[in-house]
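Overview (structure and organization)
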Amino acid sequence: MYLLRSVTALVCVVQATTAFEHGFNTVGDMMQGWINFNLPDDILEFYAKTYPVVVASGLGPAKNASDPASYPLYSGAKKLRAMNPNIKILLYENIDWGPIDLGPAMLAKYPEMWLRDDNGKPIFIKQGATEIPRLDWRIQSARDFFVKMVTQIQDGLELFDGIFVDGAEPRIEGLPPPGYTMSQKSLDDLIVGKMILLQQAKDFFAESNGGEVIGNPTLEWGVIGYPSREATQFLPQTAHWQHLTGTYDEMFGAFATQQPNGQWNSSQMNITINAILNSSFHLNLSTSIRGYPGPCNIPLVPVESSSGAIVVPQWPKEWNDTMPTTIEGLRDAGERLLEQSLALFLIVANKNTWYNYAWFYQPTSGWYPCGDDPNSCIGPTTWYEEFSKPLGNPLGPPQSDGGYIWTRAFEHANASIDLRDRRLGKVNWLA
């Protein structure tokens with residue numbers, strides 16, 4: 001039997017998993033951060049004290065790009081673990097080659113794992129003037145390379161609590177590129193190979209250290225399954241959930257879930273909210289929610305700071321507020337608009353749901369306070385007080401009026417949103 005049929009048949013029987021979990025004393029208990037290890041110790045210490053979960057998305061400069069030991073990854077992760085033995089550290093891996101910098105450098109040595117078209121021609125991804133090979137997920141050794149990358153790092157299975165897989169969706173975009181030939185069967189087999197890779201990773205970490213495999217994209221609009229899309233898909237868009245222990249919504253309340261004028265698309269947001277509730281409440285998957293200040297969207301634009309360029313998304317020109325263009329303006333907007341993002345998160349908050357809030361992914365884009373050098377990053381001068389206010393256990397599940405309004409009550413706060421106007425998102429603190 002063609003393997004695809006077996007994979008498709010499993011779509012509706014995703015098994016519950018043991019997810020990363022937290023309490024509800026404060027919002028700070030629920031925070032997930034993004035980090036690279038080319039950071040001074042005082043900032044590492046802030047991460048260790050502030051974030052129960054972090055994703056290591058940048059390894060830092062290396063003396064030898066293909067040697068894992070030459071990256072700050074090991075020493076940085078070891079420091080972070082010593083500062084907080086209970087912190088959960090996930091290694092970021094791009095589905096095409098593994099960790100940033102390290103993956104492409106190591107993959108270059110193994111041409112037998114490279115993706116090729118039906119004529120044997122290698123297919124590269126161009127980044128500037130550099131051509132990067134990509135993994136062929138149909139090949140077992142390529143899947144092993146990706147899944148066991150963490151073992152190439154000294155004490156990797158002790159330092160890392162799993163991986164964050166970018167590009168985990170059951171679809172392929174941009175293949176074949178112009179000038180290359182790939183049959184539909186080759187493309188279908190690649191998707192199946194990707195699902196096998198994810199399942200292999202899930203099994204590997206479950207057996208090795210009980211670690212998580214979080215996938216992106218898994219929750220945002222265009223990837224979650226819904227009837228009009230599922231009926232025409234080669235592999236239903238939610239098929240990948242069964243091969244993961246966690247999901248991630250990179251665009252909750254931003255990007256594809258909003259209208260051109262910056263207001264939410266209420267019907268899409270309702271479907272997204274219910275997909276998140278399905279992931280967290282019903283399937284017990286670790287569920288990570290990415291929040292942004294305001295109606296963020298492409299393009300991504302660099303803003304100069306004393307620490308270098310910081311890339312940030314943009315607000316639509318039709319939005320009723322002007323997109324800030326300075327570090328000070330971005331900082332102010334991040335503080336001013338936190339309540340809207342936080343209210344949206346609290347509607348879906350669960351013991352295994354994690355909150356991310358910053359302008360983008362660089363540590364300087366809002367993941368820590370800037371302290372004595374306010375022009376060095378976009379984070380607040382002092383950390384958000386909302387993250388340390390008493391919250392308390394939820395008093396029940398999210399409540400919807402069946403249309404646009406959602407509410408949620410906690411012991412020490414109430415949250416409400418109106419999907420017709422993102423500016424009406426409110427958190428009323430009771431203590």
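Higher on the page you've got the structure.
Let me begin by describing the structure that accompanies this report. (Residues numbered from 1 in each chain as written. Predicted model: local features only at pLDDT ≥ 70, side-chain atom pairs only at ≥ 80, totals over all residues. Heavy atoms only, no water.)

**Quick look at the overall build of the protein**
In terms of regular secondary structure, the protein is built from 11 helices and 16 strands. Here the C-alpha radius of gyration of the protein, 21 Å, is about what a compact globule of 431 residues would show, namely 22 Å. Based on the C-alpha atoms only, the size of the protein along its principal axes is roughly 60 × 50 × 45 Å. For the protein, with 431 residues in total, the buried portion stands at 58%. By element, 51% of the accessible surface of the protein is carried by carbon and sulfur atoms, the whole surface being about 17300 Å². For the protein, the distance from the average position of its 31 positive side-chain charges to the average position of its 45 negative side-chain charges is 3 Å. (Helix = DSSP H or I, 4+ residues; strand = E, 2+ residues; numbered from the N terminus. Rg over C-alpha atoms; globule rule 2.2 N^0.38 Å. Buried < 20%, exposed > 50% of the residue type's maximum accessible area, 1.4 Å probe, protein only. Areas by Shrake-Rupley, 256 points an atom, 1.4 Å probe, with all protein chains shown as cover. Lys, Arg positive; Asp, Glu negative; His and termini not counted. Charge placed at Lys NZ, Arg CZ, Asp CG, Glu CD.)

**Here's the deal with the nonpolar core**
When a protein is soluble and globular, its nonpolar side chains tend to lie buried together. Counting 133 residues, the largest nonpolar core has Y47, L80, F160 and L346 as its most contacted members. No other element matches helix α7 (residues 184–208), which puts nine residues into this core. Leaving out residues up to four positions away in the same chain, L80 has contacts with I35, F37, L44, Y47, A48, V54, I87 and I89. (Core = buried A, V, L, I, M, F, W, Y, C linked by side-chain atoms within 4.5 Å. Contact = heavy atoms within 4.5 Å.)

**Points about the side chain of Q268**
Within the fold, Q268 resides in helix α9 (residues 266–282). For Q268, a relative accessible area of 14% translates into the label buried.

**So, the environment of C296**
Relative to the helices and strands, C296 is located in the loop between β9 (286–291) and β10 (297–305). Here the alpha-carbon distance between C296 and F360, two residues 64 residues apart in the chain, equals 9.7 Å.

**Description of the state of the cysteines**
Throughout the structure, instances matching the rule amount to one disulfide. Two residues share a disulfide in this structure: C370 and C377, whose sulfurs sit 1.8 Å from each other. Across the S-S bond linking C370 and C377, the dihedral sits near -115°, which makes this disulfide left-handed. A residue is classified by how much of its surface remains accessible, and C377, at 0% relative accessible area, is buried. There is no disulfide at C296, and the cysteine sulfur nearest it, in C377, is 16 Å away. (Disulfide = S-S within 2.5 Å.)

**Here we look at the sheet that holds strand β12 (residues 353–357)**
With parallel pairing, the eight strands of this open sheet are ordered in space as β1-β2-β3-β6-β7-β8-β9-β12. Among the strands making up the open sheet, the edge pair consists of β1 (32–36) and β12. When the angles between neighbouring strand axes are averaged without regard to direction, this sheet yields 25°. Two elements, strand β3 (residues 88–94) and strand β6 (residues 162–166), share four bridges in a ladder whose sense is parallel. Its bridge partner being in β6, Y92 is matched across the sheet by F164. (Pairing = 2+ DSSP bridges. Axes fitted to C-alpha atoms, helices over the stretch in contact; angles between N-to-C directions.)

**Comments concerning unusual backbone geometry**
Residue P217 is bonded to the preceding N216 through a cis peptide linkage, with omega at 0°. With respect to the helices and strands, P217 occurs in the loop between β7 (212–216) and α8 (227–230). Cis peptide bonds are those with omega within 30 degrees of zero, and the linkage from I298 to P299 qualifies with 5°. Relative to the elements of secondary structure, P299 occurs in strand β10. In the Ramachandran plot, D155 falls in the positive-phi region, its phi being about 55° despite a non-glycine side chain. Mapped onto the fold, D155 is located in the loop between α5 (140–147) and α6 (156–159). You will see that F255, though not glycine, has its phi angle at about 50°, which is positive.

**A look at the packing of helix α2 (residues 41–50) against helix α3 (residues 73–83)**
Contact pair α2 / α3: the axes reach a minimum separation of 9 Å and the direction vectors enclose 50°. Here α2 lies oblique to α3, going by the angle between them. Judged by the twist between their axes, the crossing of α2 over α3 is right-handed. Contacts between α2 and α3 involve D41, L44, E45, Y47 and A48 on the former and, on the latter, K79, L80 and M83. For the contact of α2 with α3, a count of residues per class yields five nonpolar, no polar and three charged. (Parallel < 35°, antiparallel > 145°, perpendicular 65-115°, else oblique. Left-handed = near helix turned anticlockwise from the far one by under 90°. Nonpolar A, V, L, I, M, F, W, Y, C, P; charged D, E, K, R; others polar.)

**Regarding the pairing of β3**
Consecutive side chains of a regular strand alternate in pointing toward one face of the sheet and then the other. Along β3, six of the seven residues are buried, which leaves the element largely enclosed by surrounding structure. Of the strand pairs in this sheet, strand β2 (residues 53–58) and β3 are connected by four bridges, and their pairing is parallel. Bridge pairing in β3 links V53 to K88.

**Considerations on the pattern of salt bridges**
Here the structure, examined in full by the defined rule, presents 13 salt bridges. Residues joined by salt bridges that share partners form a network here, namely E169, R171 and E173. (Salt bridge = Lys/Arg side-chain N within 4 Å of Asp/Glu carboxyl O.)

**Some details on the pairing of strand β8 (residues 246–249)**
Covered by surrounding structure in β8 are G246 and Y248 together with T247 and D249, the residues of both alternating faces. Relative to β8, β7 runs parallel, the two sharing two bridges. Each bridged residue has a counterpart across the sheet, and for I214 the counterpart in β8 is G246. Bridge count between β8 and β9: four bridges; the pairing is parallel. The partner of G246 across the bridge, within β9, is S286. In terms of handedness, the path from β8 via α9 over to β9 forms a crossover that is right-handed. (Right-handed = clockwise from strand over helix to strand, strands pointing away.)

**Focus: the sheet that holds strand β16 (residues 426–429)**
Read from one edge to the other, the open sheet built from four strands follows the order β13-β14-β15-β16, with strand pairing classed as antiparallel. Both edges of this open sheet fall to β13 (399–400) and β16, since each of them pairs with a single strand only. Two elements, strand β15 (residues 413–418) and β16, share four bridges in a ladder whose sense is antiparallel. In the strand pairing of β16, A415 is matched with V427. The sheet contacts of α9 involve β14 (405–409) and β15, and relative to β14 the element is tilted by about 35°. Where helix α11 (residues 338–348) meets the sheet, its contacts fall on β14, β15 and β16, and the angle it forms with β15 comes to roughly 105°.

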